[in-house]
Amino acid sequence: QNDLYSMDALKLELNVDGSFELIPTKNNAKLQEVSADILLSPKEDLRQKSISFDSQGIVKEEMVSFFWNDQKIEKKMFGYNALIQTQNKRLKIQEKVYFPLKPEETAGLEHYLKATETIDSAHPAIIAKAAELAEGEDDLFKVVFKLASWVEENINYDLNTVTATASQKGSWVLENRQGVCDEMTSLFVAMARSLGIPARFVSGISYTNSKEVVDAVGSNWAGHGWAEVYFPDLGWVSFDVTFNQYGYIDVTHIKLRDGFDPAEP
C-alpha cells in the first residue's frame, strides 16, 4: 500500500516558497518597484489537473509573477500552494506511425527539431548513434523505444560534482556514458531530434527510491527531468528514460514546465 508508483491516482500538495532581500547601500536609498517570477508551476494535461492554486502572485501562461511598489526595503517573500491531482492516464499509441516523419507531420514544431546549447542534436556522434539505432526501422514508436532503451542501458546514473552543478551536453553524455536525469533526457531528446522527431525537455518533481538521490536532497521527492515526444495525430507522449517508463509516466510525476533546452531559466 506504500508503493506510490502503482497508484491509480494521487492528490499531491505542492508548496513553493522563495524570497529575496533588498539591502540599502546608502542612507537615502529608495524603492520604486521590484518584481519576481516563478517559472515552475503546475501544468494541466490529460494526466494532471490543478484542484486548487493559492498565491499572491498573478498567474500567467508560463509563470507566476509578483510585484511590489510599497517602497519597503526589506525581505520579500513569494510562492504558491497548489493541490494537484495526477492520474494513471496516457496517450495510447494504438496504430503504427510510420518513420521517418514527413515535413507536413511536424509543421509548426520546428523549434523542437533544432539543436540547442545542451541538446546538441547536430553533433556528428549523436547523429551517427541515433541513425545506427534507427536503421531498418519504419515504426516511430519502435525507433523512439530503441533510443530510450539504449540511453537507459548505456548511461550510468551518477550524481557527482560535474552532473550536479549544471546540465551537461548530450554529446558529453554520449562520450562519458554518465549523468543524471537531465543528462540522460538531453541525450535522448538530442538523438530523437537528429532523426527529425520533435521532442522536448520536461522539468518537474517526482518520487524516488534511489538512495543516492535521497541522501543528496534529504527527501524521496526531488526535482526531475524527463521527455515528451510528438506523435502525429496523437500529441506529446511521455518518456522517462531514467525511470524506464516509455510512453507513460507514473502518478508521482508533477509536470511544472516544458521547453527546448534544460538550460533555459
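Scroll up to find the structure.
All residue numbers here refer to positions counted from 1 along the written sequence of the relevant chain. In keeping with the predicted nature of the model, local features appear solely for residues at pLDDT of at least 70, side-chain atom pairs appear and are counted solely at 80 or more, and the whole-chain, interface and lining totals rest on all residues. As a convention, hydrogens and water are excluded, and side-chain values are obtained from all of the structure's heavy atoms.

Caption draft 1: View of the overall build of the chain. Comment: elements are numbered from the N terminus, with helices defined as DSSP H or I runs of at least four residues and strands as E runs of at least two. When helices and strands are tallied, the chain shows 6 helices and 13 strands. Both definitions apply: the radius of gyration is a C-alpha atom measure, and the globule rule equals 2.2 Å times residues to the power 0.38. A compact globule built from 265 residues should have a C-alpha radius of gyration of about 18 Å, and the chain, at 20 Å, falls within 12% of that. Across its three principal axes, the chain shows a C-alpha extent of roughly 70 × 45 × 40 Å. The distance from the centre of the 26 positive side-chain charges to the centre of the 40 negative ones in the chain is 4 Å. Positive charge is attributed to Lys and Arg, negative charge to Asp and Glu, and no charge count is given to His or to the chain ends. Charged groups are reduced to one reference atom each: NZ for lysine, CZ for arginine, CG for aspartic acid, CD for glutamic acid.

Caption draft 2: Looking closely at helix α5 (residues 181-194). In a regular helix each residue adds 1.5 Å, so 14 residues correspond to 20 Å; α5 covers 20 Å between its end C-alpha atoms and thus fits that length. Note on exposure labels: buried denotes an accessible area under 20% of the residue type's maximum, exposed denotes more than 50%, and partly exposed covers the range between, all computed with a 1.4 Å probe on protein chains only. Among the 14 residues that make up α5, 12 are buried, leaving the element largely enclosed by the rest of the structure. Burial in α5 covers these residues: Cys181, Glu183, Met184, Thr185, Ser186, Leu187, Phe188, Val189, Ala190, Met191, Ala192 and Arg193. Phi for glycine 196, located one or two positions after α5, is positive at around 80°. Here the expected length of a helix is defined as 1.5 Å per residue gap, with one fewer gap than residues.

Caption draft 3: Spatial organisation of the pattern of salt bridges. What makes a salt bridge here is a side-chain nitrogen of Lys or Arg within 4 Å of a carboxyl oxygen of Asp or Glu, nothing more. According to the stated counting rule, one finds 11 salt bridges in the structure shown. The closest approach of N and O atoms between aspartate 258 and arginine 200, which form a salt bridge, is 3.6 Å. Of this pair, aspartate 258 sits in strand β13 (residues 254-259) while arginine 200 sits in strand β9 (residues 199-207); the two residues are 58 residues apart in sequence, bridging distant segments of the chain. Here the salt bridges share partners, and the residues they tie into one network are Arg200, Glu228, Lys255 and Asp258.

Caption draft 4: Examining the side chain of serine 171 more closely. With respect to the secondary-structure elements, serine 171 resides in helix α4 (residues 170-176). Here a polar contact is recorded for every N or O atom pair within 3.5 Å, except that within protein the pair must consist of a potential hydrogen donor and a potential acceptor, and residues adjacent in sequence are included only if both atoms are side-chain atoms. A polar contact of 2.5 Å, which involves the side chain of serine 171, links it to the side chain of aspartate 120. Residues are treated as being in contact if the distance between any of their heavy atoms lies within 4.5 Å. Once residues lying within four places of it in the same chain are set aside, the contact partners of serine 171 are Asp120, His123 and Ile126.

Caption draft 5: Structural context of the nonpolar core. Nonpolar core, defined: a set of buried Ala, Val, Leu, Ile, Met, Phe, Trp, Tyr and Cys residues in which side-chain atoms within 4.5 Å join the residues together. One finds Val151, Leu187, Phe188, Met191, Ile197 and Phe239 to be the most contacted residues of the largest nonpolar core, which totals 35 residues. Taken together, the elements giving at least two residues each to this core come down to α1 (124-134), α2 (140-154), α4, α5, β10 (221-231) and β11 (235-240). Those residues in contact with leucine 187, other than ones at most four positions away along the chain, are Ile126, Trp150, Val151, Ile155, Gly170, Val173 and Leu174. Among the nonpolar cores identified, the runner-up in size contains 18 residues, and Leu14, Leu31, Trp68 and Ile254 belong to it.

Caption draft 6: Expanded view of the sheet that holds strand β3 (residues 48-54). Should DSSP find at least two bridges between two strands, the strands are regarded as paired. Pairing within the open sheet is antiparallel, and its 3 strands lie in the order β1-β6-β3. Taken across any chain shown, the strands that pair with only one partner, and hence form the sheet edges, are β1 (9-21) and β3. Here the strands of the sheet are splayed against their neighbours by 20° on average, with no regard to which way each runs. Sheet analysis places β1 next to strand β6 (residues 75-87), joined by 13 bridges and oriented antiparallel. Across the sheet, the residue bridging to glutamate 13 is leucine 83, located in β6. A fitted line through C-alpha atoms represents every axis, and for helices the fit uses only the stretch in contact; the resulting angles, taken between N-to-C directions, go from 0 to 180 degrees.

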